[in-house]
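Analysis of the macromolecular model
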Amino acid sequence: MSILSTVLQVILGLSFLMFGFMKFGSKQMVEGFNHYGYPGWFRVFTGLVEVISAVLVIAGIWNGTFAAWGSLLIAITMIGAIFTHIRIKDNVRQMMMPIILLILGLVELINFGTLL
C-alpha cells in the first residue's frame, strides 16, 4: 500500500466521520434534508452509513478488504448525493463536494476493488 493511498484513506475517513456525525443533529443538515424533501430517519440512516464507511476506510489501512467495502459505500452514497442535487436543480458548484468525494472514493475502490 502506498503512502498516497494511506493519506487518501485518512482524508476520506475523517471527512466521512465529520459529515456522518453532523447528520445526527446539525441544524444545517436538518434544514438541508428538509430542503431535499427527505424525512428525518433518512438523514440519520445516511449519517450511519457515512460513519460506517469512514470506520471501514480507516480500518482499511490495516486490512484492504475493509477499505474496498468502505470505498464502495462512499461511492454509492456520493452518487445518491449527486442525484439529489440534480433532482432539486442545484448548480454544479453546490455539487462539488459530493463529486470530489465520489472521485476519491472511486480511486480507493479501484485501488482495493480486487479484494471484494
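About the cut-offs
- Residues numbered from 1 in each chain as written.
- Predicted model: local features only at pLDDT ≥ 70, side-chain atom pairs only at ≥ 80, totals over all residues.
- Heavy atoms only, no water.
- Helix = DSSP H or I, 4+ residues; strand = E, 2+ residues; numbered from the N terminus.
- Rg over C-alpha atoms; globule rule 2.2 N^0.38 Å.
- Buried < 20%, exposed > 50% of the residue type's maximum accessible area, 1.4 Å probe, protein only.
- Areas by Shrake-Rupley, 256 points an atom, 1.4 Å probe, with all protein chains shown as cover.
- Lys, Arg positive; Asp, Glu negative; His and termini not counted.
- Charge placed at Lys NZ, Arg CZ, Asp CG, Glu CD.
- Axes fitted to C-alpha atoms, helices over the stretch in contact; angles between N-to-C directions.
- Parallel < 35°, antiparallel > 145°, perpendicular 65-115°, else oblique.
- Left-handed = near helix turned anticlockwise from the far one by under 90°.
- Contact = heavy atoms within 4.5 Å.

1. Concerning the overall build of the protein
The helix and strand inventory of the protein stands at five helices and zero strands. When the helices and strands of the protein are placed in sequence order, the string is α-α-α-α-α. For 116 residues, the compact-globule formula gives about 13 Å, and the C-alpha radius of gyration of the protein, at 14 Å, lands near that figure. Over its C-alpha atoms, taken along the principal directions, the protein stretches across nearly 40 × 25 × 20 Å. Looking at the 116 residues of the protein, the share that counts as buried comes to 41%. Summed over all atoms, the accessible surface of the protein reaches about 6,700 Å², with 75% contributed by carbon and sulfur. The distance from the centre of the 6 positive side-chain charges to the centre of the 4 negative ones in the protein is 8 Å.

2. Thoughts on the packing of helix α1 (residues 3-22) against helix α5 (residues 92-112)
Contact geometry of α1 with α5 gives a least axis separation of 11 Å together with a crossing angle of 135°. The angle between α1 and α5 places the two elements in the oblique class. The element α1 and its partner α5 pack so that their crossing is left-handed. Contact with α1, carried on its side by Ser-5, Leu-8, Gln-9, Leu-12, Phe-16 and Phe-19, involves Met-97, Leu-101, Leu-104, Gly-105, Val-107, Glu-108, Asn-111 and Phe-112 of α5 and no other residues of that element.

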